[in-house]
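# Coordinate analysis (summary)
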Amino acid sequence: MFIAIDETKCMGHGRCYAVAEDLLSDDDEGFVAERGRCWELPADLVAQAQDAADACPEGAIAVTETAAADA
Ligand code: SF4
């Protein structure tokens, strides 16, 4: 599974890294530091990734079976 974070949608609400602290982190301005990236998830972090996607009010996080082309 892959996670992709759309940097154009991220508004810095900070909910994603609060529920996925093993996977995501915050930058100095409160945005998720990994925005704009797409990467393959270790199996043990898929659940956290899904929690982060569910928590994001902007729909900026996608958890998919294949790598997103436009993350
Ligand atoms: S919850 Fe969504 S909008 Fe907020 S920092 Fe995370 S990705 Fe960005």
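Residues numbered from 1 in each chain as written. Predicted model: local features only at pLDDT ≥ 70, side-chain atom pairs only at ≥ 80, totals over all residues. Heavy atoms only, no water.

### Considerations on the overall build of the protein chain
Across its full length, the protein chain carries two helices and three strands. Going from the N terminus to the C terminus, the protein chain shows its helices and strands as β-α-β-α-β. Taken against the 2.2 N^0.38 rule, which gives 11 Å for 71 residues, the C-alpha radius of gyration of the protein chain at 11 Å falls within 12% of a compact globule. Its C-alpha atoms give the protein chain principal-axis dimensions of roughly 30 × 25 × 20 Å. Burial statistics for the protein chain: of 71 residues in total, 37% are counted as buried. Taking all contacts inside the protein chain whose residues are at least 6 apart in sequence as the whole, residues at least 24 apart take part in 65%. For the protein chain, the accessible surface area stands at approximately 4,200 Å², while carbon and sulfur atoms represent 44% of it. Placing the 4 positive and 16 negative side-chain charges of the protein chain at their respective mean positions leaves the two points 6 Å apart. (Helix = DSSP H or I, 4+ residues; strand = E, 2+ residues; numbered from the N terminus. Rg over C-alpha atoms; globule rule 2.2 N^0.38 Å. Buried < 20%, exposed > 50% of the residue type's maximum accessible area, 1.4 Å probe, protein only. Contact = heavy atoms within 4.5 Å. Areas by Shrake-Rupley, 256 points an atom, 1.4 Å probe, with all protein chains shown as cover. Lys, Arg positive; Asp, Glu negative; His and termini not counted. Charge placed at Lys NZ, Arg CZ, Asp CG, Glu CD.)

### Focus: the site of the ligand
Near the ligand you find C10, M11, G12, H13, G14, R15, C16, V32, C56, E58, A60 and I61, and these make up its full shell. Class assignment of the residues belonging to the shell around the ligand gives a composition of seven nonpolar, three polar and two charged. (Near = heavy atom within 4 Å. Nonpolar A, V, L, I, M, F, W, Y, C, P; charged D, E, K, R; others polar.)

### Remarks on the nonpolar core
The biggest cluster of nonpolar side chains holds 19 residues, and the ones touching the most others in it are I3, L23, L24 and I61. Those elements giving two or more residues to this core turn out to be β1 (2–5), α1 (15–19), α2 (46–55) and β3 (61–64). Among the elements that take part in this core, α2 stands out by supplying three residues, more than any other. (Core = buried A, V, L, I, M, F, W, Y, C linked by side-chain atoms within 4.5 Å.)

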